[in-house]
Amino acid sequence: MSSAAVGSAGVESKWHGRLGLALLLAPAILWLGALIVLPHADLAVLSLRERIGPRHYVPSVAQYRTFFTEPLYWHVFVRTAVMSVIATLLTLILAFPIAWIIAKLARGRASSLLFIVCLIPFWVSETVRTLGWMILLRESGVLPTLLVKLGITSVPIELLYHDATILVGLVYTSLLFMLIPLVSSLESLDNSLIEAAYDLGAGGFTTLRTIVIPHAAPGITAGCIVVFMLTLGNYLTPTLLGGKSSQWFTEQIYNQFITRFNWEQGAALGFLLLGLSTSLVIIGLRLAGQRFGDVMRRT
Amino acid sequence: MIPSLPRPRWLRTVTAAYLAAFLAFLFLPLIVVAVFAFNDAPYPAPPWRGFTWDWFLGNAGSGRVGLFKDADLLGSIWTSLVVAAWVTVLSVLIGICNAFLIERKNFAGKQMLSLLMLAPLVIPGVILGISILAFASRVAEFVDDTFGWDWEYLRPGLPLVVLGQFSYIATLSTLTISARLRRFDRTLEEAALNLGAGKPAVLRTIVLPYLRPALIGSAAISFLMSFADFNTTLMLVGAQAPLTVEMYGRMREGATPVLNAVSLFLMLASAVLALGLMRGGSRNKGTSAG
């Protein structure tokens, strides 16, 4: 009698557990299924077909063939990748000393205050920050005027629309995503290790190479991966600071999809960008010997 | 190197100079934007021609349309606010569900699902945008062909913008809320259950109050990310443009300092939000310690 009651209660709570699990699973599956998995599967199908008449399509790899035969696509693709790598490295070099100052040199309140100050600009949207750079750099802008006043150039020079301008904008916009993982990985480095290295006669560079960088490697990897991805996928900064000469791959995707309404070609270009982004993430993780989940949880 | 080791004088000087240069680099664009919001000239460019409120208050008739009279700009701010509110509510709700799913439940494929939840962060925003655009249009076509229904909200427009932004912001709220739930001391919950509280009561009086800082934090992040989103929004936007898209369009054409005015307004708003969060954060720390 009593064992039967316990049994039915057990069944009931198991059933409750199942129901609870189903209710909790539903939103996640709806989100990932309807907004991530199915749209990407659809995009893949789209990229693998060719239009041969009104509302008539056949499976084909024509879109990808176009990418390989049309030098413009190739050129822009490689250019975007190379510029993104340069921007990532510049961001790392620029942010590392600041992360060091925040994590190791400044103490207590000064350290957290400095960190907060460095993060302030990123509370404002990228649009506003880019507007600032445009006002600073355009021909009639602040810096060219200043250069004339100082007698360095005789006429105002156009500082916008160069590759270097795009890089400045990309680095600026990426700093936050490099600083946060760098600071947190440097903070966890025990100072006594650095002192020990010094006592044993290591110079600054040796200590950096053998102690600091191996310890900070997870933070460096996480920062570089995030920055690279965001740079590769950026649209606003290259198009506004680079103007017509920006030649950024996301711009090609936009043109195919929105301007020319050639969704098949746009989907193929989108997949190529996704492939590039994903493969570089995987290579980055392999190099650092880390797992994707751990890195994302750290940041 | 570190303060406990001797540092040569030149190294200290170089460090200080580098820090100063870095801070100048960080703040110069923002300062320039703020200053030229008040310049008495039709374009945000030097020289300085005196102080004016025109770019905030100017009337449409005077040739200088100020922020508070610019119906398009104000409309786009409102659009952004509505979109951000939707994205925030959806993201926090799904963040709570996912946190309980990952931290409290065990099921086949859990590892895969939690990895899949991180995927939206590594997919470029432009691609999230086009994939949702293409899929929505396919679904719209399908229901039109089979049932003859016209699902207007699957065409580019605000509902799709909300979904597009939500698709990756949900990951951020999931990460924030589940990190907090992971640190929760489950003995508190057991104690309440032992004392006779039902499961809903425990959730309401113990677990949710504990999660509060993470809920507020993820709501703020979601709101801010949605308000600032450009890549995904650009692909999904219809006739009604949110602020970032509106500003982008005007920046390409070379706009008047009214854009500086709206930017300054945004800076002040995010400063208020940041200060509010920090105060809230320190108060929460105080109460949990006390």
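About the thresholds
- Residues numbered from 1 in each chain as written.
- Chains lettered and ligands numbered in written order.
- Predicted model: local features only at pLDDT ≥ 70, side-chain atom pairs only at ≥ 80, totals over all residues.
- Contact = placed C-beta atoms within 7 Å.
- Helix = DSSP H or I, 4+ residues; strand = E, 2+ residues; numbered from the N terminus.
- Nonpolar A, V, L, I, M, F, W, Y, C, P; charged D, E, K, R; others polar.
- Core = buried A, V, L, I, M, F, W, Y, C linked by C-beta atoms within 7 Å.
- Buried ≥ 20, exposed ≤ 12 C-beta atoms within 10 Å, placed from the backbone.
- Domains from an automatic or database assignment.
- pLDDT = per-residue confidence, 0-100.
- Axes fitted to C-alpha atoms, helices over the stretch in contact; angles between N-to-C directions.
- Parallel < 35°, antiparallel > 145°, perpendicular 65-115°, else oblique.
- Left-handed = near helix turned anticlockwise from the far one by under 90°.

Time to look at the interface of chain B and chain A. With 66 residues of chain B in contact, the opposing surface of chain A contributes 66 residues. In terms of residue count, the dominant contributor to the side of chain B that touches chain A is helix H1 (residues 9-35) of chain B (11 residues). Here the side of chain B that touches chain A is composed, by residue class, of 54 nonpolar, 10 polar and 2 charged.

So, about the nonpolar core. Membership of the largest hydrophobic core comes to 143 residues, with the highest contact counts inside it found for A:Ala99, A:Leu179, A:Leu182, B:Ile130 and B:Ile132. Among the elements that line this core, the one with the most residues is helix H7 (residues 163-187) of chain A, at 15 residues. Built from parts of two domains, this core gets at least three residues from each of domain 1 (2-47) and domain 2 (62-298) of chain A. With sequence-adjacent residues up to four places away left out, B:Ile132 is seen in contact with A:Leu35, A:Pro39, B:Leu160, B:Leu163, B:Gly164, B:Ser167 and B:Leu236.

Attention shifts here to the environment of B:Val126. Tracing the chain through its elements places B:Val126 in helix H5 (residues 125-147). By the C-beta count within 10 Å, which is 28 here, B:Val126 ends up buried. Sequence separation between B:Val126 and B:Ser226 is 100 residues, and the spatial gap between their C-alpha atoms is 14 Å. Excluding its chain neighbours within four sequence positions, the residues that come into contact with B:Val126 are A:Gly233, A:Tyr235, A:Thr250, A:Ile253, A:Tyr254, B:Asn231 and B:Met235.

Moving on, we get to helix H11 (residues 249-259) of chain A. Here H11(A) has its buried residues at A:Phe249, A:Thr250, A:Gln252, A:Ile253, A:Tyr254, A:Gln256 and A:Phe257. Phi for A:Phe261, located one or two positions after H11(A), is positive at around 60°.

Residue position: A:Met134 is located in helix H5 (residues 126-137). Taking the C-alpha atoms as reference points, A:Met134 and A:Ile253, separated by 119 residues in sequence, lie 24 Å from one another. Not counting residues within four places of it along the chain, the set of residues in contact with A:Met134 comprises A:Leu160, A:Leu240 and B:Met251.

Let's shift gears to the domain arrangement of chain A. Residue and element names in this part refer to chain A. The domains assigned to chain A are domain 1 (2-47) and domain 2 (62-298). For domain 1 and domain 2, the distance between their C-alpha centroids amounts to 39 Å. Taken residue by residue, the interface counts 4 residues in domain 1 and 7 residues in domain 2.

A few words now on the confidence of the model for chain A. Confidence in the prediction of chain A, expressed as mean pLDDT, is 87, and 92% of residues score 70 or more. Note that residues 1-7 of chain A has pLDDT below 50 and, in this model, 0 contacts with residues that lie over four places away or in other chains.

Below, the discussion takes up the packing of helix H3 (residues 71-105) of chain A against H7(A). All names here are of chain A. Relative orientation of the contacting elements H3 and H7 amounts to 45°, with a least axis distance of 7 Å. Viewed along their axes, H3 and H7 adopt a mutual orientation that is oblique. Of the two possible hands of crossing, H3 and H7 adopt the one that is right-handed. Of the residues in the contact of H3 with H7, the class split is 23 nonpolar, 2 polar and 2 charged.

Take unusual backbone geometry next. For the bond running from B:Pro46 to B:Pro47, omega is 5°, close enough to zero to count as cis. Here B:Pro47 lies in the loop between H1 and helix H2 (54-57). For A:Gln247, which is not glycine, the phi dihedral falls at a positive 50°. You can see A:Gln247 is positioned in the loop between helix H10 (236-242) and H11.

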